[in-house]
Amino acid sequence: VYDELLCSLQRKSVLKTIAKDVVRLQSRWDKVGVAIFREIEKASGLSFFSVTDCYVVSHLPEIAISRPLTLRHSKDVDRLLYIMVHELAHELLTQNKQKVALYIDTMFATMDPAFRHHIPVFLLQERVVTSVFGRAFFLRQQKLDFLLPEGIIWHTVEELRPHFKKTLMEFLSHDGLVY
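Definitions and limits used
Residues numbered from 1 in each chain as written. Predicted model: local features only at pLDDT ≥ 70, side-chain atom pairs only at ≥ 80, totals over all residues. Heavy atoms only, no water. Helix = DSSP H or I, 4+ residues; strand = E, 2+ residues; numbered from the N terminus. Pairing = 2+ DSSP bridges. Contact = heavy atoms within 4.5 Å. Axes fitted to C-alpha atoms, helices over the stretch in contact; angles between N-to-C directions. Parallel < 35°, antiparallel > 145°, perpendicular 65-115°, else oblique. Nonpolar A, V, L, I, M, F, W, Y, C, P; charged D, E, K, R; others polar. Salt bridge = Lys/Arg side-chain N within 4 Å of Asp/Glu carboxyl O. Buried < 20%, exposed > 50% of the residue type's maximum accessible area, 1.4 Å probe, protein only.

Undergrad: Before we move on, could you go through unusual backbone geometry and cite the residues and values that matter?
TA: Trans is the prevailing form of peptide bonds, just as negative phi is the prevailing case for residues other than glycine. The peptide bond linking Arg 67 to Pro 68 adopts the cis configuration, its omega dihedral lying at -10°. Mapping Pro 68 onto the fold places it in the loop between β2 (64-65) and β3 (70-72).

What follows is the structure, encoded as structure tokens:
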């Protein structure tokens, strides 16, 4: 846990605080990680070029960041797995930027860049989480998303969902679908 160094300067012991929760997260990841990777690639029509370590830290202004893949500590392992799927979707799209950027920028040209880049991430996140954990799990987690600033994006995603039939790449390359 790399924020142990940061917290040692403040004379706080982070490892004792989060170690048990990280072990719980690792245990769950060991059971579902392969399925998550497989489902993200299947739903997107893209492949990961590399995988990365995931860091869990106690002090992070954001809930998570994609590079390096870092999650803010939470005792809610389900939430962490849900967020991890979101960040892995970001990472996959970043690794395949040359294939997807033009489609995203064209299809959602009138939208704010942060908004437009979250639409495909949310589409993937919903498909993957529903496939791996079930619809009820997804809906519980999505409720929490509505409390976040980017939660408003889910309304657009819901309008676009009927067009996301096969893979994200097929959805993005669909002629004439501009939002």
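Undergrad: Tell me about the sheet that holds β2, and please be specific about residues and values.
TA: Read across the sheet, 3 strands follow the order β1-β3-β2 without closing on themselves; strand pairing throughout is mixed. On the outer flanks of this sheet lie β1 (55-57) and β2, each paired with one strand and no other. Taken strand by strand, helix α3 (residues 77-95) contacts β2 and β3, and its axis lies near 145° from that of β3.

Undergrad: Tell me about the packing of α3 against helix α6 (residues 135-145), residues and numbers included.
TA: One way to put it is that α3 packs onto α6 with a least axis distance of 11 Å and a crossing angle of 80°. Accordingly, the angle class assigned to the pair α3 and α6 is roughly perpendicular. Here Asp 78, Arg 79 and Tyr 82 of α3 come into contact with α6, specifically with Phe 137, Phe 138, Gln 141, Gln 142, Leu 144 and Asp 145. The residue makeup of the contact of α3 with α6, split by class, is 4 nonpolar, 2 polar and 3 charged.

Undergrad: I'd like a rundown of the pattern of salt bridges, residues and numbers included.
TA: Note on pairing: side chains with opposite charge can pair once their charged atoms come close. In total, this model carries 8 salt bridges according to the counting rule given. The salt bridge involving Arg 79 is made with Asp 145; its shortest N-O contact spans 2.7 Å. One end of the pair, Arg 79, is in helix α3; the other, Asp 145, is in helix α6, with 66 residues separating them in the sequence. By relative accessible area, Asp 145 is classed as buried at 7%. The partner of Glu 126 in a salt bridge is Arg 161, with the nearest N and O atoms 2.9 Å apart. Residue Glu 126 is located in helix α5 (residues 113-133), and its partner Arg 161 is located in the loop between α7 (153-160) and α8 (168-172); the two are separated by 35 residues in the primary sequence. One salt-bridge network, held together by shared partners, links Asp 21, Arg 24 and Lys 75.

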